[in-house]
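The primary structure of each chain is shown beneath.
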Amino acid sequence: MSIPLDKLIDKEGNIYEMTCVAIKEANIISSTNVKDDIEESGEKIVSHVLTQVLNDEIKYSIEEK
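Residues numbered from 1 in each chain as written. Predicted model: local features only at pLDDT ≥ 70, side-chain atom pairs only at ≥ 80, totals over all residues. Heavy atoms only, no water.

(A) Region of the structure containing the layout of surface pockets. Of the voids in this model, the largest pocket is the one considered here, and its volume is about 190 Å³. When its residues are assigned to classes, the lining of the largest pocket shows five nonpolar, one polar and three charged. (1 Å grid on protein atoms, 1.4 Å probe; cavity = no way out; pocket = protein on both sides within 12 Å on 5 of 7 lines; lining within 4 Å. Points joined across faces, edges and corners; volume = space filled by probe spheres on them. Nonpolar A, V, L, I, M, F, W, Y, C, P; charged D, E, K, R; others polar.)

Next comes the structure, spelled out in C-alpha cells:
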C-alpha cells in the first residue's frame, strides 16, 4: 500500500502534528511483533501508520507546557 496522498492533501488540521504522531507510532511498532504482521500483509510500516492517522484511527492529544 502506498501513502494516501489524496487524504493527506485534503486533511484538516495540523499536518506537522499528525506527522510527528505517525513517526512516533512507527518507531513503537518497529520494536514489536506487530511489525511482522504488517510486513507479512505486504504493507510498509510508515504507510500503515500514516493511513491510520489520516483515518483518525490513532487518537492523540498535545500537552500544553
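(B) Summary view of unusual backbone geometry. For Asp56, which is not glycine, the phi dihedral falls at a positive 60 degrees. As for its position among the elements, Asp56 is in the segment after α4 (45-54). (Helix = DSSP H or I, 4+ residues; strand = E, 2+ residues; numbered from the N terminus.)

(C) Examining a negative patch on the surface more closely. Taken together, the side chains of Asp36, Asp37, Glu39 and Glu40 define an acidic patch exposed on the protein surface. Asp36 sits in the partly exposed class, given a relative accessible area of 35%. (Patch = residues over 30% accessible without salt bridge, like charges linked within 9 Å, V, L, I, M, F, W, Y side chains within 5 Å. Areas by Shrake-Rupley, 256 points an atom, 1.4 Å probe, with all protein chains shown as cover. Salt bridge = Lys/Arg side-chain N within 4 Å of Asp/Glu carboxyl O. Lys, Arg positive; Asp, Glu negative; His and termini not counted. Charge placed at Lys NZ, Arg CZ, Asp CG, Glu CD. Buried < 20%, exposed > 50% of the residue type's maximum accessible area, 1.4 Å probe, protein only.)

(D) Broad picture of the pattern of salt bridges. With the rule as written, the count across this model stands at one salt bridge. Of the charged contacts, one joins Lys11 and Asp56 as a salt bridge, the two residues approaching to 2.9 Å between their closest N and O atoms. Of this pair, Lys11 sits in the loop between α1 (5-10) and α2 (15-30) while Asp56 sits in the segment after α4, and the two are 45 residues apart along the sequence.

(E) Geometry of the environment of Ser61. On the secondary structure map, Ser61 appears in the segment after α4. Sequence-wise, Ser61 and Val21 are 40 residues apart; in three dimensions their C-alpha atoms are separated by 9.6 Å.

(F) Representation of the packing of α2 against α4 within the structure. Where α2 meets α4, the closest approach of the two axes is 9 Å, and the angle between their N-to-C directions is 135 degrees. By the angle class used here, α2 and α4 are oblique. Handedness of the α2/α4 crossing: right-handed. Along the contact surface, α2 presents Met18, Val21, Ala22, Glu25, Ala26, Ile29 and Ser30, while α4 presents Ile45, Val49, Leu50, Val53 and Leu54. Its residues placed into classes, the contact of α2 with α4 shows ten nonpolar, one polar and one charged. (Axes fitted to C-alpha atoms, helices over the stretch in contact; angles between N-to-C directions. Parallel < 35°, antiparallel > 145°, perpendicular 65-115°, else oblique. Left-handed = near helix turned anticlockwise from the far one by under 90°. Contact = heavy atoms within 4.5 Å.)

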